[in-house]
Amino acid sequence: MEKHRTSDTTDGQRQRSYRLHNTSVPARPLDVALYLVATPIGNLGDITLRALETLAGADVLACEDTRVTRVLLDRYGIVNRPYAYHEHNADEVGPRLLAALAEGRSVALVSDAGTPLVSDPGYRLGQLAIEAGYRVVPIPGASAPLAALVGSGLPNDAFLFAGFLPTKDKAKRDRLEELARVPATLMFFESPHRIAATVAAAAAVLGEDRRATVCRELTKTFEEFRRGTLGELKAFYDDAGAVKGEIVFVIGPPDAPPEPEAADVDALLVRLIADMSTGKAATEAAKQTGLPRKELYDRLLELKDRDGD
């Protein structure tokens, strides 16, 4: 059962408020919960009002790097002391944050940029809080993968965020092979000094004609979307020299395989029905051709009736 005790927000030591255009806005009390707060990925103006109120009102504020979070807090006049929680101290600090929840205090968690739990150790804390019965409340906002997807110009009806690719070339190519036929746009985080090698690996594994976009410095002054085929991007980065800034690498989905000829489908169905029931043959044919199972099942019945005549 989730624990819903209300946190005690009477704290004479600090003012729970945030500042908008030189106007102080009071922050309402927060229920006891772990709040996962999305923060800007570059432009500090991308913070949401709900995020500001949560950062100002939380009893405990945890973050990856206190220096980074302090810049955001100062920008909006929030007086709250951030505590470091990152991959190197998660085993030590995580239990302290859970203890704060047990004491009836609200806890907010932010990453350096974007949404917590996306490629950071916040996942472990969220999992532990859920297991202990506490509410975990997402405060949505900026997200680098979604910003990259929207600006990439690539299909967005289905997409897969796959985090960071392996750094070693063989492992990177093996991972790209695993994802090659996924019928969705692929998104990866990548470092600037590895982007040329990653684009080259993608071109070799996925084909130079597949479309992609390198999204760099999203929401920042030098934001850039470099679009083209993997072959065109490889040629550019082969000669680009040093690349700077944070990167999301977006690769469009593979082309749909050509629809098989009707005669080939009939031949496949005849072979399958010789050893399988009608239903199993239709299922197997759907796997091999990508055609709808019902359509194949109906065609099998037609073939059986024809052969029976």
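Everything numeric in this text was worked out from a predicted model, so none of it was measured. (Residues numbered from 1 in each chain as written. Predicted model: local features only at pLDDT ≥ 70, side-chain atom pairs only at ≥ 80, totals over all residues. Heavy atoms only, no water.)

Asker: So what's going on with the layout of surface pockets? Which residues, and what values?
Answerer: Taken as a whole, the largest pocket holds about 560 Å³ of empty space. What lines the largest pocket is a set of 22 residues, among which Ala113, Ala144, Phe164, Phe189 and Glu246 lie closest to the centre. Contributions of two or more residues to the lining of the largest pocket are made by α5 (144–152), β9 (185–190) and β12 (247–251). Its residues placed into classes, the lining of the largest pocket shows 10 nonpolar, five polar and seven charged. (1 Å grid on protein atoms, 1.4 Å probe; cavity = no way out; pocket = protein on both sides within 12 Å on 5 of 7 lines; lining within 4 Å. Points joined across faces, edges and corners; volume = space filled by probe spheres on them. Helix = DSSP H or I, 4+ residues; strand = E, 2+ residues; numbered from the N terminus. Nonpolar A, V, L, I, M, F, W, Y, C, P; charged D, E, K, R; others polar.)

Asker: Give a detailed account of empty space enclosed by the protein, specifying residues and quantitative values.
Answerer: For the structure shown, the criterion picks out one cavity of 30 Å³ or more. In this structure, the largest cavity encloses a volume near 40 Å³. Along its surface, the largest cavity is lined by Glu64, Tyr85, Leu109, Val110, Ser111, Asp120, Pro121 and Gly122. Per-class residue counts for the lining of the largest cavity are four nonpolar, two polar and two charged.

Asker: Mind laying out the packing of aromatic side chains, listing which residues take part and the relevant values?
Answerer: How two aromatic rings sit relative to each other is set out by the distance from centre to centre and by the angle between their planes. Across all of its chains, the model carries three aromatic pairs by this definition. Among the aromatic residues, ring-to-ring pairing joins Phe161, Phe164 and Phe189 into one connected group. Lying across the ring of Phe236, Arg226 places its NZ or CZ 3.7 Å from the centre. (Phe/Tyr/Trp six-rings, centres within 6.5 Å; stacked < 30°, edge-to-face > 60°. Lys NZ or Arg CZ within 6 Å of the ring centre and 35° of its normal.)

Asker: Could you give me a rundown of the sheet that holds strand β5 (residues 82–84), with the residues and numbers involved?
Answerer: Spatially, five strands are ordered β5-β4-β6-β3-β7 in an open sheet, and the strand pairing comes out parallel. The open sheet has two edge strands with one neighbour each: β5 and β7 (136–139). Each strand axis lies, on average, 25° off the axis of its neighbour in the sheet, ignoring direction. As defined by bridge partners, strand β4 (residues 60–63) adjoins strand β6 (residues 107–110) across four bridges and the pair is classed as parallel. Pairing of Ala62 across the sheet is with Leu109, part of β6. Lying on the sheet, helix α2 (residues 66–75) is in contact with β4, β5 and β6; it crosses β5 at an angle near 160°. (Pairing = 2+ DSSP bridges. Axes fitted to C-alpha atoms, helices over the stretch in contact; angles between N-to-C directions. Contact = heavy atoms within 4.5 Å.)

By themselves these figures say nothing about function.
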